[in-house]
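An overview of the molecular structure
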Amino acid sequence: MTFEENRPRTLDDCQVLIVDDQISSLLIMETLLADIAQCHTVSSASAAMEFCATNRPDLVITDVNMPGFSGHELSQKLHLKPETKQIPVIFVTASDDDEEQEQCWAAGGVDFVIKPINATTFRNRVKFHLSHKLKSDLLETLIYTDRLTGAFNRHYLEERLPAIVKDCIRDQQPLSVAIFDIDFFKQYNDEYGHPAGDECLWQLSSAVQNTLMRPMDHLIRIGGEEFMVLLPNTSGAGAKVVCQRLLETIRALNIEHKHTDTGYVTVSIGHSIFSPEQQLPIEQVISQADRHLYQAKAQGRNRFVCSHG
């Protein structure tokens with residue numbers, strides 16, 4: 001199976017997060033959108049940030065005035081993070097004066113709706129922005145996704161890695177880099193054929209993507225049977241847990257491979273870590289991860305070698 005065979009997303013697949021501290025308003029908006037998309041509701045901007053940290057809604061609809069911090073601040077915070085900055089935000093406001101409209105646009109909103117909500121206008125604006133998001137996502141997928149495996153491609157790595165590193169420096173958080181490839185993959189292709197090799201790559205990529213537990217984690221195919229995993233905000237200890245989980249996930253696929261000691265497909269993994277304090281160039285961090293990959297191979301394969309930290 002390849003990326004090209006995946007079913008395109010539709011409005012029914014879209015996730016909408018509605019944010020309002022008034023339960024009645026939440027119920028009204030959720031009811032109006034129930035037949036358009038999958039709706040989730042929270043009653044504060046802080047709860048919305050927590051939701052977006054572990055989910056990736058296609059649209060956020062937020063009231064402007066709420067306890068804690070406002071809808072404007074919510075939008076600004078979402079746009080500061082690389083994993084959430086592409087989420088469009090619609091504001092719901094009781095005021096339609098010029099100052100309020102200017103604040104909505106300045107906060108990064110794509111639209112705003114005036115209270116009391118006109119049901120027809122509200123539904124159609126949501127449909128429009130969701131449809132636009134679907135088209136943008138499809139275009140980004142075509143540009144940044146490896147067509148065989150569904151992982152990100154080298155173009156994505158080249159475009160996005162500088163911003164990911166910059167965000168880690170700003171947040172004073174480490175960035176773990178793991179590089180892995182399939183053990184004796186040439187022999188696998190020779191034994192089972194290239195179509196089976198392609199299927200193996202797809203199964204492995206799919207399993208690894210399901211193993212990565214956070215939206216901010218990235219799986220990238222960097223060439224042939226070689227992949228990279230970027231783990232923002234992840235220390236060396238956390239990376240070791242992820243590397244062990246990757247090994248176990250791939251072993252569990254139990255894909256036959258006669259030319260390994262185990263009799264099934266395994267991988268070797270090398271890890272390194274970018275530290276905001278040291279600020280070793282990311283290119284050197286990647287080179288170090290690559291060296292650790294070859295150390296894992298030299299030590300017998302089907303294992304990982306990690307940096308300290």
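Reading the values: rules and limits
Residues numbered from 1 in each chain as written. Predicted model: local features only at pLDDT ≥ 70, side-chain atom pairs only at ≥ 80, totals over all residues. Heavy atoms only, no water. Helix = DSSP H or I, 4+ residues; strand = E, 2+ residues; numbered from the N terminus. Buried < 20%, exposed > 50% of the residue type's maximum accessible area, 1.4 Å probe, protein only. Contact = heavy atoms within 4.5 Å. Areas by Shrake-Rupley, 256 points an atom, 1.4 Å probe, with all protein chains shown as cover. UniProt positions renumbered as here; feature names shortened; annotations may be inferred. Expected span 1.5 Å × (residues − 1). Arc of directions from axis to C-beta. Domains from an automatic or database assignment. Buried area = accessible area lost by both parts, 1.4 Å probe. Salt bridge = Lys/Arg side-chain N within 4 Å of Asp/Glu carboxyl O. Polar contact = N/O pair within 3.5 Å; in protein donor to acceptor, adjacent residues only side chain to side chain. Nonpolar A, V, L, I, M, F, W, Y, C, P; charged D, E, K, R; others polar. Pairing = 2+ DSSP bridges.

A short note on the overall build of the chain
A count of helical and extended segments in the chain gives ten helices and ten strands. Taken along the three principal axes of its C-alpha coordinates, the chain extends 70 × 45 × 30 Å. A burial count over the chain gives 47% of its 309 residues as buried. The contacts in the chain between residues at least 6 apart in sequence include a share of 65% that link residues at least 24 apart. With an accessible surface of roughly 15,000 Å², the chain has 51% of that area assigned to carbon and sulfur atoms.

Some words on the UniProt feature "modified residue: 4-aspartylphosphate" (unreviewed entry) in the chain
Following the UniProt record, the feature "modified residue: 4-aspartylphosphate" (unreviewed entry) maps to D63 here. Using a relative accessible area of 7% as the deciding quantity, one classes D63 as buried.

Digging into unusual backbone geometry
The step from K115 to P116 runs through a cis peptide bond, and the omega angle for that step is -5°. Take P116: it is sitting in the loop between strand 5 (111–114) and helix 5 (119–144). Phi is positive for R301, which is not a glycine, with a value near 65°. A relative accessible area of 23% means that R301 is categorised as partly exposed.

Some points on helix 8 (residues 194–211)
The end-to-end C-alpha separation of helix 8 is 26 Å, in line with the 26 Å expected for 18 residues at 1.5 Å each. Taken together, the buried positions of helix 8 are occupied by G197, C200, L201, L204, S205, A207, V208 and T211. One side of helix 8 carries all its buried residues, which in axial view fall inside an arc of 165°. Of the residues in helix 8, the exposed ones pointing more than 90 degrees away from the buried face are P195 and N210.

Some details on the domain arrangement of the chain
Entries for the chain in the domain assignment read domain 1 (11–140) and domain 2 (154–306). Between domain 1 and domain 2, the contact holds eight residues from the first and five residues from the second. Contact between domain 1 and domain 2 buries roughly 550 Å² in total, counting both sides, with carbon and sulfur atoms accounting for 47%. Looking at the side of domain 1 facing domain 2, the largest losses of area belong to R56, P82 and E83, adding up to 47% of the total buried there. Where domain 1 packs against domain 2, one counts one salt bridge. Ionic pairing is found between E140 and R160, a salt bridge with its closest N-O pair at 3.5 Å. For the interface between domain 1 and domain 2, the tally reads three residue pairs in polar contact (both at pLDDT 80 or more). Among the residues forming the side of domain 1 that touches domain 2, the class breakdown is three nonpolar, two polar and three charged.

A closer look at the sheet that holds strand 6 (residues 175–182)
Taken in spatial order, the five strands make up an open sheet running 7-8-6-9-10, and their pairing is mixed. In the strand order of this sheet, the two ends are held by strand 7 (218–223) and strand 10 (304–305), each with one partner. When strand 6 meets strand 9 (residues 267–274), the two strands line up antiparallel, connected through eight bridges. Its bridge partner lying in strand 9, V177 is registered against S272.

Side note on the side chain of K297
In this fold, K297 is placed in helix 10 (residues 282–298). Among the polar contacts made by the side chain of K297, one reaches the side chain of D181 at a distance of 2.7 Å. Not counting residues up to four positions away in its chain, the partners in contact with K297 are D181, D183 and S268.

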